[in-house]
Amino acid sequence: MLPILACVAGIYVGLHFNILALLPLTVLGAAAYIVSAWANGQGLLDSITAVLLPILTVQVGYFLGLTSRPAYFHLRSRLNIWHSERV
């Protein structure tokens, strides 16, 4: 479930933010997971290896969001049809 949520978060970041938005998201997410796992008694090396899969899926989702950005904006503009007030 965590890789799927990480991929969806990466797609959202890829669609709505620029290139430097992924680095703080990845660092803060990894640090929060490692501190949480360490506080629960899990080893540091185990928690670092467990965080690699979500980091990779965030990266994949981010690149999916970047590559689908033009199609997303085109679809979004098609769904927001405004009525013209021209005579």
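Described below are features of the structure shown in this document.

Scoring rules and cut-offs
Residues numbered from 1 in each chain as written. Predicted model: local features only at pLDDT ≥ 70, side-chain atom pairs only at ≥ 80, totals over all residues. Heavy atoms only, no water. Helix = DSSP H or I, 4+ residues; strand = E, 2+ residues; numbered from the N terminus. Contact = heavy atoms within 4.5 Å. Buried < 20%, exposed > 50% of the residue type's maximum accessible area, 1.4 Å probe, protein only. Core = buried A, V, L, I, M, F, W, Y, C linked by side-chain atoms within 4.5 Å. Phe/Tyr/Trp six-rings, centres within 6.5 Å; stacked < 30°, edge-to-face > 60°. Patch = residues over 30% accessible without salt bridge, like charges linked within 9 Å, V, L, I, M, F, W, Y side chains within 5 Å. Areas by Shrake-Rupley, 256 points an atom, 1.4 Å probe, with all protein chains shown as cover. Salt bridge = Lys/Arg side-chain N within 4 Å of Asp/Glu carboxyl O. Axes fitted to C-alpha atoms, helices over the stretch in contact; angles between N-to-C directions. Parallel < 35°, antiparallel > 145°, perpendicular 65-115°, else oblique. Nonpolar A, V, L, I, M, F, W, Y, C, P; charged D, E, K, R; others polar.

**Remarks on the environment of Ala21**
Residue placement: Ala21 occurs in the loop between helix 1 (2–16) and helix 2 (22–39). Along the sequence, Ala21 and Tyr62 sit 41 residues apart, while their C-alpha atoms lie 9.9 Å from each other.

**A word on the side chain of Thr57**
Note that Thr57 resides in helix 3 (residues 44–67). Once you skip the residues sitting within four places of it in the chain, Thr57 turns out to touch Pro3, Ala6 and Cys7.

**Here's the deal with the side chain of Thr26**
One can find Thr26 in helix 2. Judged by relative accessible area, Thr26 falls into the buried class, the value being 15%. In this view, Thr26 contacts Ile55, Val58 and Gln59; residues no more than four positions away in its chain are not counted.

**A few points about the nonpolar core**
Grouped together as the largest cluster of nonpolar side chains are 5 residues: Ala6, Val13, Leu22, Val58 and Tyr62. At the level of elements, helix 1 and helix 3 are the ones that each hand at least two residues to this core.

**Re the packing of aromatic side chains**
Tallied over the full model, the rule gives 3 aromatic pairs. Look at Tyr12 and Phe17: their rings are 6.2 Å apart centre to centre, the planes differ by 70°, and that puts the pair in the edge-to-face class. Its relative accessible area of 49% is what places Tyr12 among the partly exposed residues. With a relative accessible area of 40%, Phe17 lands in the partly exposed category.

**Considerations on a nonpolar patch on the surface**
Among the surface-exposed residues, Trp38, Leu44 and Ile48 lie close enough to one another that they form a single nonpolar patch of about 340 Å² accessible area. Here Trp38 is to be found in helix 2.

**Section: the packing of helix 1 against helix 4 (residues 69–79)**
Across the interface, helix 1 lies against helix 4 with an axial gap of 9 Å and an inter-helix angle of 75°. In terms of their interaxial angle, helix 1 and helix 4 are classed as roughly perpendicular. Along the contact surface, helix 1 presents Gly14, Leu15 and His16, while helix 4 presents Arg69, Tyr72, Phe73 and Arg76. A breakdown of the residues in the contact of helix 1 with helix 4 according to their chemical character gives 3 nonpolar, 2 polar and 2 charged.

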